[in-house]
Amino acid sequence: MTFSEWIAEPVNWAFLAMAIPMVIAALRVVTSRNVVHAALFLVLALAASAGLFILLSAEFVAWVLVLVYIGAVVVLFLFGIMITRAPIGRETNLSHDTRWPAAVAALGVFAVTFWLINAVTEQMGGFGDPLPAVGRATATGILGEGFINRYLIPFEAVGFVLLAALIGGITLARKDLTPAEEEEGARV
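Residues numbered from 1 in each chain as written. Predicted model: local features only at pLDDT ≥ 70, side-chain atom pairs only at ≥ 80, totals over all residues. Heavy atoms only, no water.

(A) Seen up close, the nonpolar core. Of all hydrophobic cores here, the largest spans 6 residues; its members are L46, A50, A62, L65, I70 and V74. Secondary structure elements with two or more residues in this core: α3 (35–55) and α4 (59–83). By residue number, the principal contributor to this core is α4, which donates 4 residues. Apart from residues lying up to four places away in sequence, A62 is in contact with A50, F53 and I54. (Core = buried A, V, L, I, M, F, W, Y, C linked by side-chain atoms within 4.5 Å. Buried < 20%, exposed > 50% of the residue type's maximum accessible area, 1.4 Å probe, protein only. Helix = DSSP H or I, 4+ residues; strand = E, 2+ residues; numbered from the N terminus. Contact = heavy atoms within 4.5 Å.)

If you want it as structure tokens, here you go:
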């Protein structure tokens, strides 16, 4: 398939519309010096990856990504940042002055992974024929019924355990200020 054939497909335009912002947001997550901005860029990267899963007809995986990662983990990050009274503004005195070692390490990991995938697919004869289910809706009704019927109690138990962990984290991280410290903070 040539580039002109590839670009003529509308699904590839949708892919580019989600992949380019995802890559930019992922880069901003690791290069941002503001913790809150990094968490918000993480939300954008995860939302774009959920969109890519929708393009692959994996709606269940996309919604799990949205609900669990964006709805829970990123919100937990933001709560943790705000509860611990971490510095929210731009941090100028970070220990890394240059990003070259991280970039070289990331490119090295990418090159080794690319080489391994090519070696394995050549040895095993490639991935074979494309899956016939690509482009069709997935049957997530069975999974939903399993969550509601068979796995309802474990699902709710995990929710209570996560709630207890959140409350415990807030209790451990929060330092109550004395009245003198509160007055000092109000003056600044």
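(B) Spatial organisation of the environment of F60. For F60, the position within the fold is in helix α4. Through-space distance from the C-alpha of F60 to that of G144 is 9.5 Å; in sequence the pair is 84 residues apart.

(C) Structural detail: α4. For α4, spanning 25 residues, the distance from its first C-alpha to its last is 34 Å, which sits close to the expected 36 Å at 1.5 Å a residue. Remark: the principal bend of α4, roughly 25 degrees, maps to Y69. (Expected span 1.5 Å × (residues − 1). Bend = angle between axes of the 7 residues up to and from the residue.)

(D) Just the packing of α3 against α4, in detail. Here α3 crosses α4 at 175 degrees, and the two axes come no closer than 9 Å. In terms of orientation, α3 lies roughly antiparallel with respect to α4. In contact with V35, V36, A39, L42, V43, L46, A47, S49, A50, F53 and I54 of α3, α4 contributes V61, A62, L65, V66, Y69, I70, V74, F77, L78 and I81. Classifying every residue of the contact of α3 with α4 by side-chain character gives 20 nonpolar, 1 polar and no charged. (Axes fitted to C-alpha atoms, helices over the stretch in contact; angles between N-to-C directions. Parallel < 35°, antiparallel > 145°, perpendicular 65-115°, else oblique. Nonpolar A, V, L, I, M, F, W, Y, C, P; charged D, E, K, R; others polar.)

(E) Region of the structure containing a nonpolar patch on the surface. Together, W63, V64, L67, V68 and Y69 give the surface a local cluster of nonpolar side chains, amounting to about 510 Å² of exposed area. Residue Y69 is classed as partly exposed on the basis of its relative accessible area of 42%. (Patch = residues over 30% accessible without salt bridge, like charges linked within 9 Å, V, L, I, M, F, W, Y side chains within 5 Å. Areas by Shrake-Rupley, 256 points an atom, 1.4 Å probe, with all protein chains shown as cover. Salt bridge = Lys/Arg side-chain N within 4 Å of Asp/Glu carboxyl O.)

(F) Seen up close, the side chain of S49. Mapped onto the elements of the fold, S49 is located in helix α3. With relative accessibility at 16%, the residue S49 sits in the buried group. Residues contacting S49, with those up to four places away along its chain left out, are M22 and L65.

(G) Quick look at the packing of aromatic side chains. If you walk through the whole model with that rule in mind, you get 2 aromatic pairs. Between F3 and W6 the ring centres are 6.3 Å apart and the planes differ by 20 degrees, which places this aromatic pair in the stacked class. On the criterion of helical spacing, the pair formed by F3 and W6 is a turn pair, its members being 3 residues apart in helix α1 (residues 3–8). Judged by its relative accessible area of 61%, F3 falls in the exposed class. Under the relative-accessibility criterion, W6 is labelled partly exposed at 25%. Pairing F110 with F114 gives two aromatic rings, centres 6.1 Å apart and planes at 25 degrees, and the pair type is stacked. Separated by 4 residues within a single helix, F110 and F114 lie in helix α5 (residues 100–123), roughly one turn from each other. (Phe/Tyr/Trp six-rings, centres within 6.5 Å; stacked < 30°, edge-to-face > 60°.)

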